[in-house]
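So you can see what is in the structure, the chains are spelled out below.
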Amino acid sequence: MTNRTNRIKYLQGYRATHKKEMVAWRIRNKERLKRYKKGYYEKNKSALTLQQKGRRDNLKKLVFDHYGRRCNCPKCPTPDIDPLFLTIDHINNDGYKERGHKNRRGLSTTSIYLKIIRTGFPDTYQVLCWNCNCGKRLNNGICPHLTL
Ligand SMILES: [Zn+2]
Ligand SMILES: [Zn+2]
């Protein structure tokens, strides 16, 4: 036998034992690994949600800093309503298309904020209060305050 074949044999043998060792170690530590992974997830879950929420709040702040914190409907009876009631409205009424079908809640608003920021705060958006926003949508794109 040459040195080379010896060496290959040795390596193959080593790998085989090593593999066995690895598998044995995994089996021995299966429960521990499971617990470790779970613990890691549990511990980080709340931190992650907080992080995501912080990110969303920041995006929202940027968008409302630009468009203002007042309902844009000229006849809105409550233009200075609590900012929590304010929404971003797509002036051309195709906002629903952007929202798409997946994730109608939280994330969709976040992606609209992201889009607005990425596209440089276009004039096609405005701030409406919840009432005017819904009214507009139900009244063929014109807030009922303006047609009543
Ligand atoms: Zn309004
Ligand atoms: Zn209105």
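How each quantity is defined
- Residues numbered from 1 in each chain as written.
- Chains lettered and ligands numbered in written order.
- Predicted model: local features only at pLDDT ≥ 70, side-chain atom pairs only at ≥ 80, totals over all residues.
- Helix = DSSP H or I, 4+ residues; strand = E, 2+ residues; numbered from the N terminus.
- Buried ≥ 20, exposed ≤ 12 C-beta atoms within 10 Å, placed from the backbone.
- Contact = placed C-beta atoms within 7 Å.
- Core = buried A, V, L, I, M, F, W, Y, C linked by C-beta atoms within 7 Å.
- Pairing = 2+ DSSP bridges.
- Expected span 1.5 Å × (residues − 1).
- Bend = angle between axes of the 7 residues up to and from the residue.
- Arc of directions from axis to C-beta.
- pLDDT = per-residue confidence, 0-100.

Chemist: What's the story with the overall build of the protein chain in this structure? I'm lost.
Modeler: Looking only at helices and strands, the protein chain has 6 helices and 2 strands in total. From first element to last, N terminus to C terminus, the protein chain shows the α and β order α-α-β-α-α-β-α-α. In the protein chain, which comprises 148 residues, the proportion classed as buried is 11%. Relative to all contacts within the protein chain whose residues are 6 or more apart in sequence, the contacts with residues 24 or more apart total 70%.

Chemist: Would you mind showing me how to read the environment of Thr87 here?
Modeler: With respect to the helices and strands, Thr87 occurs in strand 1 (residues 86-90). What makes Thr87 partly exposed here is the crowd of 17 C-beta atoms within 10 Å. Residues Thr87 and Arg70, spaced 17 residues apart in sequence, show a C-alpha to C-alpha distance of 9.7 Å.

Chemist: Even after reading the chapter, I still don't get the nonpolar core, so can you show me in this structure?
Modeler: Generally speaking, soluble globular proteins have nonpolar side chains that are buried together. Grouped together as the largest cluster of nonpolar side chains are 8 residues: Cys71, Cys73, Leu86, Val127, Leu128, Cys129, Cys132 and Cys143. Per-element tally for this core: the top contributor is strand 2 (residues 125-129), with 3 residues.

Chemist: Could you clarify how one ought to interpret unusual backbone geometry in this entry?
Modeler: With glycine set apart, most residues show a phi of negative sign, and most peptide bonds adopt trans. Although it is not a glycine, Phe121 sits at a positive phi angle of roughly 50°. Tracing the backbone through its elements, the reader meets Phe121 in the loop between helix 4 (106-118) and strand 2. Exposure remark for Phe121: the 14 C-beta atoms within 10 Å place this residue in the partly exposed category. Of note, the phi angle at Asn140 is positive, near 55°, even though the residue is not glycine. Mapping Asn140 onto the fold places it in the loop between helix 5 (130-138) and helix 6 (144-147).

Chemist: Sorry, what's going on with the pairing of strand 2 here?
Modeler: The side chains of a regular strand alternate between both faces of the sheet. Most of strand 2 is tucked away: 4 of the 5 residues are buried. Note that strand 1 and strand 2 share 5 bridges and pair antiparallel. Within strand 2, the position partnered with Leu86 by the bridge is Cys129.

Chemist: How should helix 2 (residues 30-67) be read in this particular structure?
Modeler: Each full turn of the α-helix corresponds to 3.6 residues, which orients residues three or four apart in the same direction. A rise of 1.5 Å per residue sets the reference length of helix 2, with its 38 residues, at 56 Å; its end C-alpha atoms lie 54 Å apart and thus fit the reference within 8%. Of all the bends in helix 2, the greatest, near 35°, is centred on Lys45. In terms of burial, helix 2 is a largely surface element, 1 of the 38 residues being buried. Downstream of helix 2 by one or two residues, Gly68 has phi in the positive range, about 95°.

Chemist: Help me out: how do you make sense of helix 5 in this one?
Modeler: Of all the residues in helix 5, the buried ones are Cys132, Asn133, Gly135 and Lys136. What you see down the axis of helix 5 is that its buried residues fit within an arc of 170°, all on one side.

Chemist: What is the right way to look at the confidence of the model for the protein chain in this model?
Modeler: Detailed reading of the predicted model is not advised wherever pLDDT is low. Averaged over all residues, the pLDDT of the protein chain is 84; the fraction at 70 or higher stands at 89%. Mean pLDDT in the protein chain bottoms out at helix 3 (residues 95-99), which sits at 50, and peaks at strand 2, which reaches 96. Counted against residues more than four places away or in other chains, residues 101-107, with its pLDDT under 50, gives 2 contacts.

Chemist: Would you take a moment to explain the environment of Pro122 for this structure?
Modeler: Positionally, Pro122 belongs in the loop between helix 4 and strand 2. For Pro122, a count of 10 C-beta atoms within 10 Å translates into the label exposed. In this structure the C-alpha to C-alpha distance between Pro122 and Tyr67, which are 55 residues apart in sequence, comes to 9.8 Å.

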